[in-house]
Amino acid sequence: KTSHYRANCFCDFSIDRNLRKPKSTNFVMDTVNSLGTLQDEACTDVRSFFELAPSLKNRDTITQKVNEFVCHNSHSSENLKSIGVVCVTSGGTTVPLEQRCVRYIDNFSSGNRGAASTEYFLKAGYAVIFVYRRGSCQPYCRYLPEDSFLDFFGVSEKGEIQVCQMNDRVVKTAITEYHSAVDNGLLLKLPFTTIFEYLQILQLVATSMSSLGPRGMFYLAAAVSDFYVPWENMATHKIQSTGPLNMRLSQVPKMLLVLRKEWAPLAFGISFKLETDPKILIEKANASLRKYQMHVVVANELATYKTEVVLLAFDGRVLTIRKQDEDENANADIEKKIIKILVDMHSEYMETFAKE
Ligand code: PMT
């Protein structure tokens with residue numbers, strides 16, 4: 001447990017850098033052409049998804065919180081403490097099978113990547129809107145609930161709560177960094193459970209963050225459902241077990257292009273591509289980069305996602321980040337290196353706007 005926490009402090013990874021050949025004019029034209037048709041189709045699907053989705057509880061409160069946070073971290077703020085604002089999405093979305101939900105389909109994600117990345121973004125000077133699945137890993141206490149926090153504390157003879165000495169430093173650091181982020185208005189946490197909540201929150205955050213222009217960034221690590229039961233087709237009550245269950249699932253519209261083109265067009269967009277078949281991973285990640293006009297796609301394979309990712313950037317750069325077994329600090333987070341590279345890419349991106 002202690003070594004997990006210690007891992008935050010020391011990191012050492014290897015990086016392969018290969019520069020791919022520059023994009024041809026045809027590539028750019030193909031992308032622009034496909035964007036036109038895709039955008040129309042995508043917009044209709046997206047609109048009807050939102051129209052038919054159950055409305056988000058506490059929408060007004062969430063909107064107000066997000067707007068205040070964005071305003072606090074905008075250039076016009078008197079005490080600007082952040083270099084940019086990043087929306088980190090984390091954990092898996094659920095698809096309810098009943099309106100009064102007893103059963104649901106889930107997506108694989110512990111939320112560790114999003115929580116770890118949030119810590120590194122904060123360390124790099126960003127303000128973070130952390131959109132997370134309820135009950136998934138949280139920044140600064142990522143090893144809960146598996147490693148119980150009760151293990152970190154003891155009770156003295158006088159009945160006072162004490163931190164066990166061997167964990168003293170990590171607990172103090174975690175508490176201090178967490179409170180400093182919240183107290184300085186640099187961390188806003190927004191929970192979701194279902195695909196309906198997730199997409200409505202993402203839209204709301206993106207629309208608000210569009211005012212930040214290129215200072216805004218999206219880091220979409222959440223594992224988002226591809227299929228769902230539309231609300232109006234869903235059973236109201238618990239489905240009875242009177243025989244085999246036949247169920248037709250509709251496709252969840254991909255929101256990535258709409259996010260990039262409509263909700264927050266100047267923001268720096270990073271999405272993830274998860275596959276189980278290594279043979280198709282890079283091809284699919286490349287397709288996602290072009291089709292959804294992302295600035296970076298982080299490709300990872302289920303079997304190795306904690307130790308290897310490939311970053312594909314819109315300018316043709318391909319970077320493989322590996323955490324190697326023989327590394328002295330084999331427990332170190334791969335996210336530390338991922339965030340460092342992304343922060344550099346984002347600042348290059350912001351500079352191009354500053355020059356204009
Ligand atoms: O949380 P951990 O346990 O640490 O695991 C991290 C992770 C493996 C979940 C993470 O690294 C990861 O890969 N997240 C993305 C998983 C995923 O949904 O991949 P996908 O290939 O199905 O989707 C690709 C992208 O499209 C994602 O950025 C997703 O946000 C987006 N998407 C997906 C479906 C959908 N209907 N709309 C979307 O916009």
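Procedures and definitions
Within each chain, residue numbers correspond to sequence positions counted from 1 in written order. Whole-chain, interface and lining totals are the exception, using all residues; otherwise, since this is a predicted model, local features are given only for residues with pLDDT of at least 70 and side-chain atom pairs are given and counted only at 80 or more. Labels follow the DSSP assignment, with helices taken as runs of H or I lasting at least four residues and strands as runs of E lasting at least two, numbered in each case from the N terminus. Three exposure classes are used, based on other C-beta atoms lying within 10 Å of a residue's own C-beta, which is placed from the backbone: buried for 20 or more, exposed for 12 or fewer, and partly exposed in between. Residues are defined as contacting one another if the C-beta atoms placed from their backbone atoms lie within 7 Å. Per-residue confidence from the predictor is reported as pLDDT, a score between 0 and 100. Any helix carries an expected span of 1.5 Å times its number of residues minus one. All residues are tested the same way: a C-beta atom is placed from the backbone, and lying within 6 Å of a molecule or strand makes the residue near it. When residues are sorted by character, Ala, Val, Leu, Ile, Met, Phe, Trp, Tyr, Cys and Pro go into the nonpolar class, Asp, Glu, Lys and Arg into the charged class, and all the rest, Gly among them, into the polar class. Note on definitions: angles span 0 to 180 degrees between N-to-C directions of axes, and those axes are lines fitted to C-alpha atoms, for helices only across the stretch in contact. Convention used here: angles under 35 degrees read as roughly parallel, angles over 145 as roughly antiparallel, angles from 65 to 115 as roughly perpendicular, and any remaining angle as oblique. By convention, the crossing between two helices is left-handed when the near helix turns anticlockwise from the far helix through less than a right angle, and right-handed when the turn is clockwise. When DSSP finds two or more bridges between a pair of strands, those strands are recorded as paired. The nonpolar core criterion groups buried Ala, Val, Leu, Ile, Met, Phe, Trp, Tyr and Cys residues into a set whenever they are joined through C-beta atoms within 7 Å.

The subject of this paragraph is the overall build of the protein. Across its full length, the protein carries nine helices and 15 strands. Burial analysis of the protein (356 residues in total) assigns 37% to the buried set. Pairs at least 24 residues apart make up 75% of the contacts formed inside the protein by residues separated by at least 6 positions.

Summing up the model confidence of the protein, the mean pLDDT is 86 and the portion of residues at 70 or higher is 84%. For residues 1-35, every residue scores under 50 in pLDDT, and the model assigns this stretch 50 contacts once sequence neighbours within four places are set aside.

Glancing now at unusual backbone geometry. Despite not being glycine, Asn58 shows a phi value in the positive range, around 60°. Examined against the element boundaries, Asn58 turns out to sit in the loop between helix 2 (25-52) and helix 3 (59-72).

Below, the discussion takes up helix 8 (residues 278-291). Two residues of an α-helix separated by three or four positions point the same way, owing to the 3.6 residues in each turn. Its 14 residues place the ends of helix 8 20 Å apart at the C-alpha level, agreeing with the 20 Å of an ideal helix rising 1.5 Å per residue. Backbone geometry just downstream of helix 8 places Gln293 in the positive-phi region, at approximately 55°.

With respect to spatial proximity, 21 residues lie near the ligand, and among them Ser110, Arg113, Ser271, Phe272 and Leu274 are the closest. Mapped by element, the contributors of at least two residues to the shell around the ligand are helix 4 (112-123) and strand 12 (268-275). Take the shell around the ligand: its biggest share by element is four residues, from strand 12. Residue composition of the shell around the ligand, by class: eleven nonpolar, six polar and four charged.

On to the packing of helix 4 against helix 9 (residues 334-355), then. Contact pair helix 4 / helix 9: the axes reach a minimum separation of 9 Å and the direction vectors enclose 55°. Between helix 4 and helix 9, the interaxial angle falls into the category oblique. Helix-helix and strand crossings are classified by hand; for helix 4 and helix 9 the assignment is right-handed. The segment helix 4 lies against helix 9, with Arg113, Ala116, Ser117, Tyr120 and Phe121 engaging Glu335, Lys336 and Ile339. Taken together, the residues of the contact of helix 4 with helix 9 break down into four nonpolar, one polar and three charged.

Glancing now at the environment of Gln251. Inspection of the secondary structure puts Gln251 in strand 11 (residues 250-251). C-alpha of Gln251 to C-alpha of Val229: the two residues are 22 residues apart in sequence and 8.7 Å apart in space.

The element strand 9 (residues 216-220) is largely enclosed, with a buried count of five among its five residues. Where burial is concerned, the two faces of strand 9 agree: the one with Gly216, Phe218 and Leu220 and the one with Met217 and Tyr219 are both buried. Bridging between strand 9 and strand 12 involves four bridges; their strand directions are parallel. When the bridges of strand 12 are listed, Leu220 appears paired with Ser271.

Let us look at the packing of helix 3 against helix 6 (residues 195-209). For the pair helix 3 and helix 6, the least separation of the axes is 9 Å and the interaxial angle reads 35°. Of the two elements, helix 3 crosses helix 6, and the hand of that crossing is right-handed. Within the contact between the two elements, helix 3 uses Ile62, Thr63, Val66, Asn67 and Val70 and helix 6 uses Ile201, Leu204, Val205, Ser208 and Met209. Partitioning the contact of helix 3 with helix 6 into residue classes produces seven nonpolar, three polar and no charged.

The next thing to look at is the nonpolar core. Ranked by size, the top nonpolar core spans 83 residues in total, and within it Val128, Ile129, Val131 and Ile270 carry the most contacts. Examining the composition of this core, we find that nine residues originate from one element, helix 6, more than from any other. If we ignore the near neighbours within four places in the chain, the residues touching Ile270 are Met217, Phe218, Tyr219, Leu220, Met294, His295, Val296, Val298 and Leu342.

In this model, helix 6 (15 residues) spans 21 Å end to end at C-alpha, consistent with the 21 Å of a helix rising 1.5 Å per residue. Counting buried residues in helix 6 gives twelve out of 15 residues, a clear majority hidden from the surface. What helix 6 keeps buried is the set Ile195, Phe196, Glu197, Tyr198, Leu199, Gln200, Ile201, Leu202, Val205, Ala206, Ser208 and Met209.

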